[in-house]
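# Close look at the chain arrangement
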Amino acid sequence: MTPLIVDVVFDLPVDRAFSYLVPEGLGVARGQRVRAPLHGRLRVGVIVELRRDEATGLQPIREAVEPVPVFSEAMLRTARRAAADSLSSLGSTLAAFSPPPPRRGGAEPAAPPPEVTPGAQATPELWPELWPELWMDAARDERLTDTLGRESGSALLVAPDIGSARRWAERLDAGRLDSGAHDDARRAAWFGAARGRPRLVVGTRSALLAPLPPPATLVLLDEHDAAHKPPGPPRLHSRELLAARAAAEGSRLLLLSATPSVESWGRADGDALRRREPAPGPWPEVVAADTRGILRNHPLTLPLPRAIEDAARGGRRVALIVARDAAALGCDDCGDIFRCGDCGVALALSRAARALTCRLCGRGEPLPDRCPACGGHRLSAVGWGVERVEASLRKRFPRLSVARAGPARARRPASDPAAPVVIGTSALLREVPRGSLGAVGFVALDGLLRQPDFRAGERAFQSLWAAAEAVHPAGRVVVQTLHPDHYAVRAAILQARQEFYGPEIKFRAELGYPPFRRLCIVSVVAGEDAAARALIEACAASLRGIGGIDVYPAARRGAPAARRPRWSLVIKGPAELPRLIDEPLRPLRERRRRRGGMVEVEMDPVALA
DNA sequence: AGCACGCCGACT
DNA sequence: GTCGGCGTGCTC
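Given the structure is predicted, the values throughout are model-derived calculations rather than measurements. (Residues numbered from 1 in each chain as written. Chains lettered and ligands numbered in written order. Predicted model: local features only at pLDDT ≥ 70, side-chain atom pairs only at ≥ 80, totals over all residues. Heavy atoms only, no water.)

## Description of the pattern of salt bridges
With the rule as written, the count across this model stands at 48 salt bridges. In this structure, glutamate 125 and arginine 274 form a salt bridge, with 3.5 Å as the shortest nitrogen-oxygen distance. With glutamate 125 in strand S6 (residues 125-127) and arginine 274 in strand S12 (residues 274-275), the pair connects residues that are 149 residues apart, well separated along the chain. For aspartate 529, the salt bridge identified is with arginine 556, shortest N-O distance 2.9 Å. One end of the pair, aspartate 529, is in helix H15 (residues 529-543); the other, arginine 556, is in strand S26 (residues 555-557), and 27 residues separate them in sequence. Residue aspartate 529 is classed as partly exposed on the basis of its relative accessible area of 27%. One connected set of salt bridges, linked through shared partners, spans Glu263, Arg455, Glu458, Glu504 and Arg508. (Salt bridge = Lys/Arg side-chain N within 4 Å of Asp/Glu carboxyl O. Helix = DSSP H or I, 4+ residues; strand = E, 2+ residues; numbered from the N terminus. Buried < 20%, exposed > 50% of the residue type's maximum accessible area, 1.4 Å probe, protein only.)

This is the structure:
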């Protein structure tokens, strides 16, 4: 009989399987992990195909990593589609969604992944953050039926980061699949979940294809969080992969966020997603303080010190939010931001080059000396950074202790966590318990609105909403801004999400941004600027002429004199964009020369940097 | 991605 | 004469 051959994919950037001979007596299946010699070393790969063929000088597989597959047929299909949609290799995609390999020789129970027969899928749902609390209680009581509307089944929760995964696992007494847990515990949760024990598992991106017996519920926590799509392969948003998975296996999909991505809100306006509106809960007073013409010398308008005093009197803490950097240019008198006339995106300010450039289309302009809207001369980029705000605050409130919130990881525990006033970026608001603050002040919301990214408004709105949720209903949110009438501010004042999403979706539709069109960034790094430029122009040339897509001019990113020059260009296109650009770019992407430059393709970038 | 093989400059 | 730099190409 002709020997049994398997095709195995590895964590390599090459989109090709490698063939091996299966030794007599070794039972193997698709989706199973094996150790096989590659490059003279044993490496872990996933079997994607079995066939009978002549083995002409093929190496044999060394061993199976587990006695059962880690991926079901449905998960393999989902991964294959995901890899194609993100222009990544199947091997690196599967590797990113695999449990850690076992310690050698350690025997452990392992259940195979349940196969599902996709039935009719329920419409995915978009839930406000308020509701998981209800759901969580039901889950703990083994009464999932009440809120989930079906007999208790298994559920997978995908969190944006390890810290969030840990907290949710503790609250739900769920198994942990994320890399913050020990490998043994992760493996126990992975293979246990396949048999429904534990019934609830929590993980991060790496858990997106974890096995669950049907009927399963898939939950994406903090759906809007950019951490659901980190840069680099597999270049895919957890939301999209989870949606594909839910469709493939007929699972119920819940997207959870108090401030959903505009993409999801837009889909919920159609019938691809069902939105559930919460009854409005208690809401603090949100005040817009107009800073036009008055924020030059002091960072605090009248309402802000008053809010700080009230909060201190009430014994509650205050958070002051500053922008880390404002990379764009605005007018201090009328509040106008210099924007690209074609793209609507704030123009990025480069001090070194003394120029404004559009990150999307690459259009460049010299620095203006006056505001085209009002003629004012007071144009500024740097708003109020942490240091300047801290100094002003200490001067104004000498008796109050003021702390700076650093990056969560680097923060020293001793840096006065109980300080009544904390200054930080909007990331600070994620760590604050709901309703626990006396006041939040945005020193200059414009620093957020000026970010040279079409999602600047969305991020500002999400920060404002998070601030209102972090503040006690008797407290106050003070928003100092040159744009007190901005619809993101208005939505926060009125506690009305639609006030933001309505105009924002209109803006996205008019200028062709997600969810109406897909974006892609093609970038090139090379040893020499000329080589990088030549390669990006070659990419542009092979992309031009594809029907239905827009290729923007290539532009140099980053510092002008970077050691490794980087050029990139932005593409806009329809939903099938990855399929359209795959073939034309393939020869350029496969040519992997270091000095001559390497091509990287980032589908659906979550930041335009 | 790793890792080997290959072709040009300074060392025992 | 070789040791070793990186640049290019292959991995069942």
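## Observations regarding the packing of aromatic side chains
All chains considered together, the criterion is met by twelve aromatic pairs. Arranged with centres 4.3 Å apart and planes meeting at 5°, the rings of phenylalanine 461 and phenylalanine 500 form a pair that is stacked. Note that phenylalanine 461 is positioned in helix H12 (residues 456-470) and phenylalanine 500 in helix H14 (residues 497-511), a separation of 39 residues in sequence. The burial state of phenylalanine 461 is the same as that of phenylalanine 500; both residues are buried. With centroids separated by 5.1 Å and ring planes inclined at 75°, the aromatic side chains of phenylalanine 500 and tyrosine 501 adopt a geometry described as edge-to-face. Accessibility classification places phenylalanine 500 together with tyrosine 501 in one group, the buried group. One aromatic cluster in this structure is built from Trp265, Trp283, Phe461, Trp465, Tyr487, Phe500 and Tyr501. Positioned above the aromatic ring of tryptophan 168, the side-chain terminus of arginine 171 is 4.4 Å from the ring centre. For lysine 572, the ring lying beneath its charged end belongs to tyrosine 513, and the centroid distance is 4.5 Å. (Phe/Tyr/Trp six-rings, centres within 6.5 Å; stacked < 30°, edge-to-face > 60°. Lys NZ or Arg CZ within 6 Å of the ring centre and 35° of its normal.)

## Looking at the protein's contact with DNA strand B
Taken together, Leu12, Pro13, His39, Arg41, Arg592 and Arg594 make up the full set of residues near DNA strand B. A share of 38% is what sugar and phosphate atoms reach among the atoms of DNA strand B within 4 Å of the protein. Here histidine 39 contributes a side-chain N or O atom positioned 2.9 Å from a base nitrogen of DNA strand B. Within the side chain of arginine 41, one N or O atom sits 3.2 Å away from a phosphate oxygen of DNA strand B. (Near = heavy atom within 4 Å. Polar contact = N/O pair within 3.5 Å; in protein donor to acceptor, adjacent residues only side chain to side chain.)

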